[in-house]
Amino acid sequence: MRALTGLALTVLTASALLAPGTAGAASPPFTASVFRATHNSYSGNVDGAKNSLTYQLDHGVRFLELDVHDNGYATSHDYAVGHDSPGNAVDHSGGNPASNNLRDWLAVVNTWSAQHPAAAPVVVMLDLKDDLTDNPSAAAGNLAALNHELESVFGSRLLRAQDYPAGQPTVDALRGRVLPLLSGDGKTRAEYKRDVGYHPAVALNGRGQVVEVHDSGAGALWYWTGTYGSDGRVTWLRHGKYDTGRTPAVALNDNGDLVEVHQSPSATTLWYHVGKLGADGEITWQASHQYDNGVLPTVAFTDATHLREIHQSQSSSQNWDWDGVLAGTTVSWTGNAKTAEARFPKATATSGSRRVSVWTGADGPTPAQTLRADTDQVDGDRIRYRQVAFDEFQKGDSAELQQGALFYGAPATESAFITSARQAGRLVRGWDFDSASQATTPLANYPATNHPYDAWYQTLLTGAAE
């Protein structure tokens, strides 16, 4: 550790990190290192004195912040960079992209990273200015779309949160990697880590494809799709809203054809959808059709095209059934009659030795309606987006956002929060770090400034990992 004259702090000396593998130089743990960082990095010289992203990276910055909006995603098929709105306070000069499209800004970082494989890991923080949870599908810009964009831009350089090494990885072990970090809208950050719902149901086919459906408890119907892996875990791929209703159930054949049934939101009419599950995990849904009255519908394929539906009467405990034939985008239902058979177990699906069961329950501090999944090999996994990005915990956030968080963040004035988090071994960002007097002991890992080339900042971060 190196003392800095006139400042009550120490900064990790990491000059050996400029040349990884230097004889006799031990690479420090990632979480113990300090890195140059900028606040609102996209604003360049419009707000502060930062210059372009490439200039920042060339001058040792290893934490970049991009504020993003989802306005217009369905049209542009991308998010937009900007402070209060797309394009606001964005500096397009100096080699920065001419557009506000997030993909173009990420591509700048990727190009630089590809050209500097020995550089210390670069964190790209996306400050979500909008709520992404109201986007009903990947096509509309939900978090599955954000995952896809990050992976498609950075490829093998991306270090996904779910792949973060156990223990204490060193800076050298992470060189050349890009770490994505979500900040901003708290509702979106929470949904990235878990989902909530009511009355979940699941289907599993012989190809290991999985479809889960549930209602919101307030009249909306949502789905998840995924694949059953060799480790017995389900990797969830896509998520979306497909209708209004409650108590849904779903059946899926080996061709990816699915039939979903549900009650109407506030009545006892029964409806069905036909859908097609694509290789990317997306479902193409057809229009809904009413087929009966009743409650608690269930459905199952009996072969590739034939189905059976069993539901309960809306006025008694009597069960009724239908036989169905899938023909293109509709089902032909016949043979409606009373039955003594029980309804299908819609919360559990099996295919050969594989089994997937869905249920709701708290996982530590998460809500009681957190969607969970068991398989024949794994119990209690959350049904959620793949953890491509890290999720930042900020002062005042809920306990569920703190659970398992590696990255912490607070204004630079929150010295007690920053110090406590650093002492706990977290990676801490202090934003609007614009004075040496805001320095803490230990210093935030990422003192995010608007003036990274001022002498006081350069002096303070002498020895920062590069």
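An unreviewed UniProt entry lists the protein under the name Phosphoinositide phospholipase C, Ca2+-dependent, from Amycolatopsis melonis.

*Asks:* Break down the overall build of the protein for me, citing the residues and quoting the values.
*Replies:* Counting its secondary structure elements, the protein contains eight helices and 29 strands. Each of the three principal axes of the protein carries a C-alpha extent, and together these read 85 × 40 × 35 Å. Pairs at least 24 residues apart make up 56% of the contacts formed inside the protein by residues separated by at least 6 positions. Split by element, the accessible area of the protein, about 17,700 Å² in all, is 49% carbon and sulfur. Within the protein, the 49 negative side-chain charges are centred at a point lying 5 Å from the centre of the 34 positive side-chain charges.

*Asks:* If you had to explain the sheet that holds strand β22 (residues 354-360) to someone new, which residues and values would you point to?
*Replies:* Strands sit in the order β21-β22-β23-β24 across an open sheet of four strands; the sheet is antiparallel. Of all strands in the sheet, those with a lone pairing partner are β21 (348-351) and β24 (381-382), marking the two edges. Here strand β23 (residues 371-375) pairs with β24 via two bridges, running antiparallel. From the neighbouring strand, Ala373 faces β24, where its bridge partner is Asp381.

*Asks:* An account of the sheet that holds strand β9 (residues 209-215) is requested, with residue identities and associated values reported.
*Replies:* Backbone-to-backbone hydrogen bonds join strands into a sheet, with any given pair of strands oriented parallel or antiparallel. What the four strands build is an open sheet, ordered β8-β9-β10-β11; its pairing is antiparallel. On the outer flanks of this sheet lie β8 (198-204) and β11 (234-244), each paired with one strand and no other. Pairs of neighbouring strands in the sheet enclose a mean axial angle of 20 degrees, with direction left out of account. Here seven bridges tie β9 to strand β10 (residues 220-228), and the two strands are oriented antiparallel to one another. By the bridge assignment for β10, Val210 is matched with Gly226.

*Asks:* Lay out helix α5 (residues 186-193) in plain terms, naming residues and giving numbers.
*Replies:* Within α5, six of the eight residues are buried, which leaves the element mostly enclosed by the surrounding structure. Of the residues making up α5, those classed as buried are Thr188, Arg189, Ala190, Glu191, Tyr192 and Lys193.

*Asks:* So, the pairing of strand β19 (residues 319-327): which residues are in play, and what are the values?
*Replies:* Where strand β18 (residues 306-312) meets β19, seven bridges bridge the pair, whose relative direction is antiparallel. Counted as the bridge partner of Leu307 is Gly324 from β19. The antiparallel pairing of β18 with β19 creates a hairpin that spans six residues between the two strands. Here β19 runs beside strand β20 (residues 330-339); their pairing, made up of eight bridges, is antiparallel. Pairing of Val325 across the sheet is with Ser332, part of β20. Once β19 ends, the chain turns through two residues before running back antiparallel as β20, passing Gly328 with a positive phi of about 70 degrees.

*Asks:* Hey, could you go over helix α3 (residues 102-115) for me, with residue numbers and the actual values?
*Replies:* Note on helix geometry: an α-helix contains 3.6 residues per turn, so any two residues three or four positions apart are oriented the same way. When the terminal C-alpha atoms of α3 are compared, their 20 Å separation across 14 residues agrees well with the 20 Å that a helix rising 1.5 Å per residue should span. Within the span of α3, buried status applies to Leu102, Trp105, Leu106, Val108, Val109, Asn110, Trp112 and Ser113. Elements in contact with the buried residues of α3: α1 (53-58), β4 (61-69), β5 (80-81), β6 (122-128), α4 (143-154) and β7 (178-184).

*Asks:* Any details on the packing of α3 against α4? Residues and values, ideally.
*Replies:* The geometry of α3 relative to α4 is characterised by a closest axis approach of 9 Å and an angle of 35 degrees between their N-to-C directions. Once α3 is placed against α4, the crossing between them reads as right-handed. Note on element contacts: α4 touches α3 through Leu146, Glu149, Leu150, Ser152, Val153 and Phe154, opposite Leu102, Arg103, Leu106, Ala107, Val109 and Asn110. The class makeup of the residues in the contact of α3 with α4 is eight nonpolar, two polar and two charged.

*Asks:* Describe the nonpolar core, with residues and values.
*Replies:* Of all hydrophobic cores here, the largest spans 51 residues; its most connected members are Leu126 and Leu146. In terms of residue count, α4 provides more of this core than any other element does, seven residues in total. Sequence-distant contacts of Leu146, that is, excluding residues within four places in its chain, are made with Tyr79, Leu102, Leu126, Leu128, Leu132 and Leu182.

*Asks:* Go over the side chain of Ser137, please, and point to the residues and values.
*Replies:* On the secondary structure map, Ser137 appears in the loop between β6 and α4. Excluding its chain neighbours within four sequence positions, the residues that come into contact with Ser137 are Asn142, His239 and Gly240.

*Asks:* Tell me about the environment of Pro297, residues and numbers included.
*Replies:* Structurally, the position occupied by Pro297 is in strand β17 (residues 295-301). Residue classification places Pro297 among the buried residues on the basis of a relative accessible area of 1%. Sequence separation of Pro297 and Ala161 is 136 residues, and the distance between their C-alpha atoms is 39 Å. Contacts of Pro297, omitting those with residues within four sequence positions, involve Thr247, Ala249, Val261, His262, Gln263, Leu270, Tyr291, Glu309, Ile310 and His311.

*Asks:* Report on the pattern of salt bridges, specifying residues and quantitative values.
*Replies:* If you walk through the whole model with that rule in mind, you get 18 salt bridges. Close ionic contact of Asp172 with Arg175 constitutes a salt bridge, the shortest N to O distance being 2.7 Å. Of the residues examined, Arg175 reaches a relative accessible area of 10% and is grouped as buried. Across the salt bridge formed by Glu282 and Arg238, the nearest N and O atoms sit 2.9 Å from each other. Placement of the pair is Glu282 in the loop between β14 (269-277) and β15 (283-285) and Arg238 in strand β11, with a sequence separation of 44 residues. Judged by relative accessible area, which is 17%, Glu282 ranks as buried.

*Asks:* Which residues make up the pairing of β7, and what values do they have?
*Replies:* When you tally the buried positions in β7, you get six out of seven residues, the bulk of the element. In the sheet, β6 pairs with β7 via seven bridges, with the strands oriented parallel. Each residue of the ladder has a partner; that of Val123, found in β7, is Leu179. Tracing the backbone out of β6, into α4 and back to the parallel element β7 gives a crossover that is right-handed.

*Asks:* I'd like a description of the packing of aromatic side chains, backed by residues and values.
*Replies:* Per the stated rule, a full pass over the model turns up 22 aromatic pairs. Between Phe390 and Phe407, the ring centres sit 5.3 Å apart and the planes meet at 70 degrees, which makes this aromatic pair edge-to-face. Here the residue Phe390 occupies a position in strand β25 (residues 390-391), and Phe407 occupies one in strand β27 (residues 407-411), the gap between them amounting to 17 residues. Residue classification places Phe390 among the buried positions, given a relative accessible area of 7%. Assessed through its relative accessible area of 2%, Phe407 is described here as buried. Connected via pairs of aromatic rings, a cluster forms that spans Phe30, Phe35, Phe63 and Tyr446.

Procedures and definitions
Residues numbered from 1 in each chain as written. Predicted model: local features only at pLDDT ≥ 70, side-chain atom pairs only at ≥ 80, totals over all residues. Heavy atoms only, no water. Helix = DSSP H or I, 4+ residues; strand = E, 2+ residues; numbered from the N terminus. Contact = heavy atoms within 4.5 Å. Areas by Shrake-Rupley, 256 points an atom, 1.4 Å probe, with all protein chains shown as cover. Lys, Arg positive; Asp, Glu negative; His and termini not counted. Charge placed at Lys NZ, Arg CZ, Asp CG, Glu CD. Pairing = 2+ DSSP bridges. Axes fitted to C-alpha atoms, helices over the stretch in contact; angles between N-to-C directions. Buried < 20%, exposed > 50% of the residue type's maximum accessible area, 1.4 Å probe, protein only. Expected span 1.5 Å × (residues − 1). Left-handed = near helix turned anticlockwise from the far one by under 90°. Nonpolar A, V, L, I, M, F, W, Y, C, P; charged D, E, K, R; others polar. Core = buried A, V, L, I, M, F, W, Y, C linked by side-chain atoms within 4.5 Å. Salt bridge = Lys/Arg side-chain N within 4 Å of Asp/Glu carboxyl O. Right-handed = clockwise from strand over helix to strand, strands pointing away. Phe/Tyr/Trp six-rings, centres within 6.5 Å; stacked < 30°, edge-to-face > 60°.

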